[in-house]
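Listed here are the chains, written in short residue letters.
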Amino acid sequence: MGGTLLVQAVLAAAGCGDARRADELADRAAGVATNLRGYDDTHRTSFGPIVVDVARVLSAGQRGAADEALHRHMTVVRREAWRRLPAEYRGAYLVDVARAYLKVGDLRGAARALVDADSVAPAEVRCRPLARTVIAEIARANPAPAGVARLATLVGLTH
């Protein structure tokens with residue numbers, strides 16, 4: 001479970017603006033993940049190298065490095081281990097990625113991430129306040145990217 005706690009510490013450090021500490025903690029978590037034998041997840045935390053990589057994406061996004069986050073994201077979602085993560089993890093992650101796309105002004109990328117999140121874990125999109133905020137921001141575009149108008153209606157932002 002130490003690896004999972006390190007990942008949480010990465011996100012906390014990034015949220016506090018301490019990028020150097022977040023990177024150090026991510027490196028420690030990566031070391032723990034490297035020492036796992038196969039898919040050794042006795043505590044069912046899904047901790048492993050892919051979770052460390054996801055944490056690096058989220059950390060970059062939290063500290064305002066959206067370009068770095070999106071670059072790392074493209075690598076993460078191409079890996080087989082990505083598809084083995086629980087749907088809720090992937091859905092929540094994709095909502096955060098949508099926010100990173102917004103920060104770089106890519107409405108289509110943000111919309112695609114939200115629609116993907118909704119297809120994987122609808123509750124993460126339809127119930128999380130952050131997702132509603134991102135949907136509202138994207139829906140303001142005229143015209144709203146494909147799929148976002150439907151999501152806006154589903155979450156009660158439009159009629």
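Just above sits the structure.
First, a word on what this report is: a plain description of the structure on this page. (Residues numbered from 1 in each chain as written. Predicted model: local features only at pLDDT ≥ 70, side-chain atom pairs only at ≥ 80, totals over all residues. Heavy atoms only, no water.)

The next point concerns the overall build of the protein. Assigned secondary structure in the protein consists of 10 helices and 0 strands. For the protein, the N- to C-terminal ordering of α and β elements is α-α-α-α-α-α-α-α-α-α. Rg of the C-alpha trace for the protein: 16 Å, near the compact-globule value of 15 Å for 159 residues, within the 12% margin. Judged by the C-alpha coordinates and their principal axes, the protein covers about 50 × 30 × 25 Å. Per-residue burial for the protein yields a buried fraction of 42% across its 159 residues. For the protein, long-range pairs separated by at least 24 residues make up 56% of all intrachain contacts whose partners lie at least 6 apart in sequence. When the accessible area of the protein is evaluated, it comes to approximately 8,500 Å², of which 53% is carbon and sulfur surface. (Helix = DSSP H or I, 4+ residues; strand = E, 2+ residues; numbered from the N terminus. Rg over C-alpha atoms; globule rule 2.2 N^0.38 Å. Buried < 20%, exposed > 50% of the residue type's maximum accessible area, 1.4 Å probe, protein only. Contact = heavy atoms within 4.5 Å. Areas by Shrake-Rupley, 256 points an atom, 1.4 Å probe, with all protein chains shown as cover.)

It is worth spelling out the environment of L11 at this point. With respect to the element layout, L11 can be found in helix α1 (residues 2-15). Taking the C-alpha atoms as reference points, L11 and L58, 47 residues apart in sequence, are found 7.2 Å from one another. Setting aside anything within four residues of it in sequence, one finds L11 in contact with A55, L58, S59 and Q62.

This part takes up the environment of A149. Following the sequence through the fold, A149 ends up in helix α10 (residues 148-154). For A149, the residues in contact, after removing those within four places along its chain, are A144 and T158.

Bringing the environment of D23 into the picture now. Here D23 lies in helix α2 (residues 19-34). Note on D23: relative accessible area 35%, which makes it partly exposed. The spatial distance from the C-alpha of D23 to the C-alpha of R56 is 7.8 Å, given a sequence separation of 33 residues.

Next up on the list: the nonpolar core. W82, Y93, L114, I135 and I138 are the most contacted members of the largest nonpolar core, which has 48 residues in total. Not counting residues within four places of it along the chain, the set of residues in contact with I135 comprises L114, V125, V148, L151, A152, V155 and L157. (Core = buried A, V, L, I, M, F, W, Y, C linked by side-chain atoms within 4.5 Å.)

Apart from glycine, the bulk of residues carry a negative phi angle, and the bulk of peptide bonds sit in the trans form. Residue P143 follows N142 across a cis peptide bond; omega there is 0 degrees. On the secondary structure map, P143 appears in the loop between α9 (129-139) and α10.

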